[in-house]
Every structure is written in structure tokens, then in C-alpha cells.
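# Structure assessment
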Amino acid sequence: MTQRLTLSPQNPDPELIRQAAAVIQRRGLVAFPTETVYGLGANALAADAVEKIFRAKGRPANDPLIVHLASLADVKRVAADISPVVEKLAAAFCPGPLTFVLPKQPFVPLTVTAGLETVAVRIPSHPIALALIRASGVPIAAPSANRFGHTSPTTAQHVWDDLHGRVDLILDGGATSIGVESTVLDVSRETPTILRPGGISREDIERVIGEVALRDNRPSAENESQISPGLLGKHYTPKAELFFCVGEKAQALEKLRELAHQARTQGRRVGLLLAQDDLPSFEDCVPYALGASDDLQSIARNLYAGMRALDDQGADIILARDFGKRGLGLALYDRLLRAASQVIEV
Ligand code: TXA
Ligand code: MG
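### Some remarks on the sheet that holds strand E9 (residues 183-186)
- Strand order in the open sheet formed by 11 strands is E1-E8-E2-E3-E7-E4-E6-E5-E9-E10-E11, with mixed pairing between adjacent strands. Edge strands, defined here as strands with exactly one partner in the open sheet, are strand E1 (3-6) and strand E11 (213-214).
- Across 2 bridges, strand E3 (residues 38-43) lies against strand E7 (residues 140-141) in antiparallel orientation. Note that in E7 the partner of Asn 43 across the bridge is Ile 140.
- The strands touched by helix H1 (residues 14-25) are E1, strand E2 (30-33), E3, E7 and strand E8 (169-172); relative to E1, the strand with the most contacts, the crossing angle is about 145 degrees.
- In the packing of helix H2 (residues 47-57) onto the sheet, the strands contacted are E3 and E7, and the crossing angle to E3 comes to about 145 degrees.

### Some words on the domain arrangement of the protein chain
- Assigned domains within the protein chain: domain 1 (3-214) and domain 2 (241-345).
- Summarising the inter-unit geometry, the C-alpha centres of domain 1 and domain 2 are found 28 Å apart.
- Across the contact, 24 residues belong to domain 1 and 16 residues belong to domain 2.
- A buried area of about 1500 Å², summed over both sides, lies between domain 1 and domain 2, and 58% of it is on carbon and sulfur atoms.
- Of all residues in domain 1, the largest losses of buried area upon contact with domain 2 belong to Thr 151, Val 180 and Pro 197, amounting jointly to 34% of the total for that side.
- Run the count over domain 1 and domain 2 and you get 2 salt bridges.
- The shortest N-O distance in the salt bridge between Arg 335 and Glu 181 comes to 2.8 Å.
- Between the two partners, domain 1 and domain 2, sit 9 residue pairs in polar contact (both at pLDDT 80 or more).

### Remarks on the sheet that holds strand E15 (residues 317-321)
- Sheet architecture is open: 5 strands sit in the order E14-E13-E15-E12-E16, paired in parallel fashion. The open sheet has two edge strands, strand E14 (286-289) and strand E16 (342-345), and neither has a second partner. Adjacent strand axes in the sheet meet at a mean angle of 20 degrees, parallel and antiparallel pairs treated alike.
- Most of the contacts of helix H10 (residues 249-265) go to E15, to which it runs at about 170 degrees, and overall it touches strand E12 (241-246), strand E13 (270-274), E15 and E16.

### Observations regarding empty space enclosed by the protein
- Applying the stated rule across the entire model yields 1 cavity of 30 Å³ or more.
- When its volume is computed, the largest cavity comes out at roughly 40 Å³.
- In terms of lining, the largest cavity is formed by Thr 183, Ile 194, Pro 197, Gly 198, Ile 200, Ser 201, Arg 202, Gly 327, Leu 330 and Ala 331.
- Both domains that furnish three or more residues to the lining of the largest cavity are identified here as domain 1 (3-214) and domain 2 (241-345).

### A short note on the nonpolar core
- Ranked by size, the top nonpolar core spans 65 residues in total, and within it Leu 40, Phe 100, Leu 102, Val 121, Leu 171 and Ile 205 carry the most contacts.
- Contacts of Val 121, omitting those with residues within four sequence positions, involve Ile 66, Val 67, Leu 69, Val 75, Val 78, Leu 98, Thr 99, Phe 100 and Leu 102.
- Counting 33 residues, the second largest nonpolar core, distinct from the first, contains Leu 290, Leu 303, Ala 305 and Tyr 333.

### Describing the packing of aromatic side chains
- Evaluation of the coordinates by the stated rule reveals 2 aromatic pairs.
- Ring geometry for Tyr 236 versus Tyr 304: centroids 6.0 Å apart, planes at 15 degrees, classification stacked. With Tyr 236 in the loop between helix H9 (221-226) and E12 and Tyr 304 in helix H11 (residues 296-312), the pair connects residues that are 68 residues apart, well separated along the chain. Residue Tyr 236 shares its accessibility class with Tyr 304, and that shared class is buried.
- Ring geometry for Phe 244 against Tyr 333: centres 5.9 Å apart, planes inclined by 55 degrees, an arrangement best described as tilted. With Phe 244 in strand E12 and Tyr 333 in helix H12 (residues 329-339), this residue pair connects regions lying 89 residues apart in the sequence. The residues Phe 244 and Tyr 333 share a single accessibility class, namely buried.
- Sitting over the face of the ring of Phe 282, Arg 257 holds its NZ or CZ atom 5.9 Å from the ring centroid.
- Residue placement shows Lys 325 over the ring face of Tyr 333; its charged tip is 4.3 Å from the ring centre.

Analysis parameters
- Residues numbered from 1 in each chain as written.
- Chains lettered and ligands numbered in written order.
- Predicted model: local features only at pLDDT ≥ 70, side-chain atom pairs only at ≥ 80, totals over all residues.
- Heavy atoms only, no water.
- Pairing = 2+ DSSP bridges.
- Helix = DSSP H or I, 4+ residues; strand = E, 2+ residues; numbered from the N terminus.
- Contact = heavy atoms within 4.5 Å.
- Axes fitted to C-alpha atoms, helices over the stretch in contact; angles between N-to-C directions.
- Domains from an automatic or database assignment.
- Buried area = accessible area lost by both parts, 1.4 Å probe.
- Salt bridge = Lys/Arg side-chain N within 4 Å of Asp/Glu carboxyl O.
- Polar contact = N/O pair within 3.5 Å; in protein donor to acceptor, adjacent residues only side chain to side chain.
- 1 Å grid on protein atoms, 1.4 Å probe; cavity = no way out; pocket = protein on both sides within 12 Å on 5 of 7 lines; lining within 4 Å.
- Points joined across faces, edges and corners; volume = space filled by probe spheres on them.
- Core = buried A, V, L, I, M, F, W, Y, C linked by side-chain atoms within 4.5 Å.
- Buried < 20%, exposed > 50% of the residue type's maximum accessible area, 1.4 Å probe, protein only.
- Phe/Tyr/Trp six-rings, centres within 6.5 Å; stacked < 30°, edge-to-face > 60°.
- Lys NZ or Arg CZ within 6 Å of the ring centre and 35° of its normal.

See below:
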């Protein structure tokens, strides 16, 4: 049985938080909102609790989890070698959607890190997430609260749809504000490297610490063996086949209109996952407006909800385009690339 509690996202009721913390303390699973997406949390220091996360999601054991903490002081308890680079970035962006990969302290279970000697740590800024971590009194391991490979949840209903009956409690704090996951930055190596672009942009990070590297997450024989599954290959996928068109806006839209026409003549239902201003030039499709094409924050906030909404409306295929690689555009590009059944460069 999965219980569901509704909380104010700004001022969560301490009594409800206490109930949720009690579930974490007795090694249960609690889904909760963060500013990025909903997480599926368990006591990070209890290997048996962490194993339940993998079982509930159907997640392979070789895909490590992020450990959520309430302060940098707490980060220092689970991770080692906190360098000046981390201190600077934490001062600029934490709490917030930035995850650090650091050498782990010995007592962090290998179940959490999938056998790695590094641990991913993040201080979320969402008041419900922070209150839950503090009240639980333990670090909380939490991947996104979706079935493995599926689109990440940005509402409690999304979590319910994927995981009801498989988790103890879902805290409903409304829709999340950022909508894509945190940026994962590996600071355990000489050149800090973005493993997954996300809520904090590459440009923002580089303004604080200078140039960083960006790992190529595209699937390849070489990558497959080295990179954890969450970072590559098909992931974040809706049920419909997603066609992702990459290139200059006018040409991309032209190509998508062609694809829409073809699909409709084959009797397929076509969903559009596009900017508001892209939609008027399409006919007889199921539109989902992500936001204005120059408002990447809205587009990010609505991306996953849009994929789920188009699935719910019975789209056979979903058409999408890229929004450049600057700022949040890079995270959008990364997620759409990995949600795609087909990538078309124009
Ligand atoms: O915004 C977020 O980061 C959300 C919320 C809930 O905090 N969490 C999230 O978790 O997206 P998850 O498990 O879906 O993605 C975590 C990513 C995975 O791609 C995993 O491979 C990577 O972080 N990761 C975790 N630990 C790592 C490590 N030690 N080394 C390299 N990558 C790691
Ligand atoms: Mg995930």
C-alpha cells in the first residue's frame, strides 16, 4: 500500500514531515519533491533500505545513486577531498541542482555507489526535501522516482503512475520548478567533468571555476563498458516513438512537418512536443506547448510532463526539436537525444 500526503511546498507541515522521516528511519521508501524532479528516497547508510530503491524502480545494480544532504558540513561526512573548487561551487550553487562526484567515505555502502569508490552528493533546495533530510537525521539516497528507463517525474501523480504499490509514501508538493535533473559534475579528477548536463549550466559553472570538460555520453561500444547506464543510451523514454530533429530551427520544423504528414497518411497519431510558437504551422496533430522558444526554463519545466501527456493522449509518435546547446539547452538536448527512437540531423 502506498500512502500519499499533500504538503505545502514552501511551508511543509512539520508533523507530516515527521511521519515521512519515520518511514525513512524504519528503512522504508519515501518519494519526495526536489526542485528538479521527484526523488525516491531511502536511508543512504542502510544497504537493505537502498536495495529496496533498486527493486522498486527495476534499476540495475550497476547504476549508482545520488546521496542528498542538507548542508556542506554534512557532505563532508560522506565524501572526502572537498577541494577549493567544490567550496567555490557550493558557495555559488548549493543548495541547488548541482551534484558533485567525490571520493567516498568508507562507511558509505557500495550498494549506493554501485561498487565505485566515489559518491555523488547533492544539497537540494526544495523546502520539503531539506526538511525531510533534516528530520530523518540521515543522508537520503534518491534516484528520480520513475520506473527505470522511463521519463522522470515532475509531479506526485507521475510518481504514483510509475510506482504506486511499490513505495511506502509519496509526498505531494506540487509540480517541480526546474523540471530536468541536476548537473552531475565529477570533481574527483584533475579536470572537473560534466557527466550529465542539468539544472546548473556549463556556462554558470565555468564562470565560477573556469573551463570544465563535458563527457560524451552518446552510446558507443567503448562508452557502454565504461559509463553507468543512467548516463547513456536510451533513457527518459516515453511510450511513443520519439523523433528528435537537430539543427537550425526553420529547417528542423520543415523536416518535422514532412514527418508529421507521412505519419498521418499512415494513420498514426502525431504528438508535437514543441515550443508554443512552433505549433501553428502544423495541422491535425496533438500539440503540447512547452513554452516560448526563447524561454528555456519553461521548456525544461514542461519537458517530461509533455512526454507523459502525449503518451496519455495516445500519440503513436512524438516530434521534437532541439533548442541549442547554450544554458539549459544542453540539458534539453541530452534528454531528448536519449528519449529518442530516431535522431535526424538537418
Ligand atoms: O536532480 C537529480 O539529480 C534527481 C533528484 C531526485 O535529485 N536525481 C537523479 O538521480 O536524477 P538519478 O539516479 O536518476 O541519476 C543520478 C545520476 C545517474 O546517471 C548516475 O549514473 C550518476 O548520477 N551517478 C551517481 N553516482 C555516481 C558516481 N559515483 N559516479 C558517476 N556517476 C554517478
Ligand atoms: Mg533517473
